Amino acid sequence: MSDEIDTDAVPSTVLSGIRATGRLHFGNFMGAVRHFVEYQKPGIRSMYFIADLHTLTTLRDPEELRSNVLEITKDYLAAGLDPDQSVIYAQSSVPEIMELSLLLSMLQPVGQLQAIPTFKDKVRKQPNDVNLGLLSYPVLMAADILGPRATLVPVGEDQRPNVELARNLAERFNNRFGKLFTLPEMLLEMVKVPGLDGEKMGKSEADNAINLDAPIEDIRKRYLRLGITDPERIRASDPGDPFNRCRAVYPLHEMITLGEHDSREIATACQNATIGCVECKNRLVESIAVLIEPFQERRRELASQDALVREVLHEGGKKARQIITETTAIVRDKMGIVIY
Ligand code: ADP
Ligand code: TRP
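Notes on the structure in this doc start here. Computed from a predicted model, the values in this text were never measured in an experiment.

### Regarding the overall build of the chain
A count of helices and strands for the chain gives 13 helices and five strands. Compactness check: the chain gives a C-alpha radius of gyration of 22 Å against a globular reference of 20 Å for 340 residues, within 12% of the reference. Seen along its three principal axes, the alpha-carbon backbone of the chain occupies a region of about 75 × 45 × 40 Å. In the chain, which comprises 340 residues, the proportion classed as buried is 49%. When contacts within the chain are restricted to residue pairs at least 6 apart in sequence, those whose partners lie at least 24 apart make up 76%. Carbon and sulfur atoms make up 52% of the accessible area of the chain, which totals about 16,400 Å². Taking the 41 positively charged and 49 negatively charged side chains of the chain as two groups, their mean positions are separated by 3 Å.

### Observations regarding the packing of helix H9 (residues 216-226) against helix H12 (residues 277-302)
Running from amino to carboxyl end, H9 crosses H12 at an angle of 150°, the nearest separation of the two axes being 9 Å. Looking at the two axes, H9 sits roughly antiparallel to H12. Our pair here, H9 against H12, has a crossing hand that is right-handed. The segment H9 lies against H12, with Ile216, Ile219, Arg220, Tyr223 and Leu224 engaging Val278, Lys281, Asn282, Leu284, Val285, Glu286, Ile288, Ala289, Ile292, Glu293 and Gln296. Split into classes, the residues belonging to the contact of H9 with H12 amount to 10 nonpolar, two polar and four charged.

### Section: the site of ligand 1
As a matter of local geometry, ligand 1 sits amid 18 residues, with His25, Gly156, Asp158, Val193 and Lys200 nearest to it. Here Asn28 contributes a side-chain N or O atom positioned 3.1 Å from an oxygen atom of ligand 1. Within the side chain of Asp158, a nitrogen or oxygen atom sits 2.5 Å from an oxygen atom of ligand 1. Only strand E1 (12-19) and helix H1 (26-38) provide two or more residues apiece to the shell around ligand 1.

### Let's talk about the side chain of His35
By the element assignment, His35 lies in helix H1. Those residues in contact with His35, other than ones at most four positions away along the chain, are Met30, Tyr48, Pro154 and Leu187.

### Here we look at the side chain of Thr328
Relative to the helices and strands, Thr328 is located in helix H13 (residues 306-335). In this structure Thr328 comes out as buried when scored by relative accessible area, which is 0%. Leaving out residues up to four positions away in the same chain, Thr328 has contacts with Glu96, Glu99 and Leu100.

Rules behind the numbers
- Residues numbered from 1 in each chain as written.
- Chains lettered and ligands numbered in written order.
- Predicted model: local features only at pLDDT ≥ 70, side-chain atom pairs only at ≥ 80, totals over all residues.
- Heavy atoms only, no water.
- Helix = DSSP H or I, 4+ residues; strand = E, 2+ residues; numbered from the N terminus.
- Rg over C-alpha atoms; globule rule 2.2 N^0.38 Å.
- Buried < 20%, exposed > 50% of the residue type's maximum accessible area, 1.4 Å probe, protein only.
- Contact = heavy atoms within 4.5 Å.
- Areas by Shrake-Rupley, 256 points an atom, 1.4 Å probe, with all protein chains shown as cover.
- Lys, Arg positive; Asp, Glu negative; His and termini not counted.
- Charge placed at Lys NZ, Arg CZ, Asp CG, Glu CD.
- Axes fitted to C-alpha atoms, helices over the stretch in contact; angles between N-to-C directions.
- Parallel < 35°, antiparallel > 145°, perpendicular 65-115°, else oblique.
- Left-handed = near helix turned anticlockwise from the far one by under 90°.
- Nonpolar A, V, L, I, M, F, W, Y, C, P; charged D, E, K, R; others polar.
- Near = heavy atom within 4 Å.
- Polar contact = N/O pair within 3.5 Å; in protein donor to acceptor, adjacent residues only side chain to side chain.

What follows is the structure, encoded as structure tokens:
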């Protein structure tokens, strides 16, 4: 078993996951899920999972967790993930990921984990409630990635430190035990979608997210009421600064309003005060609607199809397990562990 393996024989594998903390929002869609769909194509093995074990670091209600896993799987399917083209699974359906995580943890300096911004943030915000899972979170994530020997990991900008840590771990393993892993790459352009308050759109704390299943008119109301624009633009006749001062609205136009021409035209109009923030927000909501309406239609059809979703996860879990078990066995063997 200790022969060098031919990594060229491993197909190009795209892999990503999302925690089961609630329903998906527009940031998840732009930063992650839309890329998941793009990479479903011949010649690429695509694997997308629900990171339910990672969710346990912060969510303690078992009923809610069980339900979130099914709901996010429906979101995946509604966004266009196809079980015939991608392996769709729940992380916990592959217990070998936990084993791999433990094996990899032996190569991971604790200091690097303590320096990860999301961990430092948790320690700052809740110093008396920091479980070990939060510290080892990136090692489990490295096991997710390295188990299927993923070559590309589509995630949003906030996940960069975690993927970098997985790359380091892969390198350390290869140096010590012989080449097994190709280093996983990130997307060339990783985005950070601003929420209504201009901070990173997210599920937690600040109520700044646009849920993917929200009716378009609710999204409009939320932008009109809460979307932060240029705070120095008091009257519609004041020239705005879309690039430096507008926090939540123009930056999103740049990302999603079709074509550079259209978004630049909006920027110029803002600078010349020929468009007001209300119209700008309305145009943004139209751009959002174009992207999410097809999702919403499919999502409604899936709402009551729990049995189908369970079947998708069951079949995906079996496939994922087959792939990941193979790597875990090689890692175990290279590290000197024998199952007697
Ligand atoms: P949240 O931050 O809302 O808890 P997750 O951490 O579960 O969301 O993120 C799942 C995926 O969505 C990750 O790939 C993450 O990078 C991406 N993502 C989350 N929020 C954003 C955002 N505001 N902009 C871009 N990508 C995002
Ligand atoms: N940490 C990721 C997030 O919060 C979720 C995740 C867990 C993940 N394991 C992964 C993403 C492996 C990509 C690859 O969004």
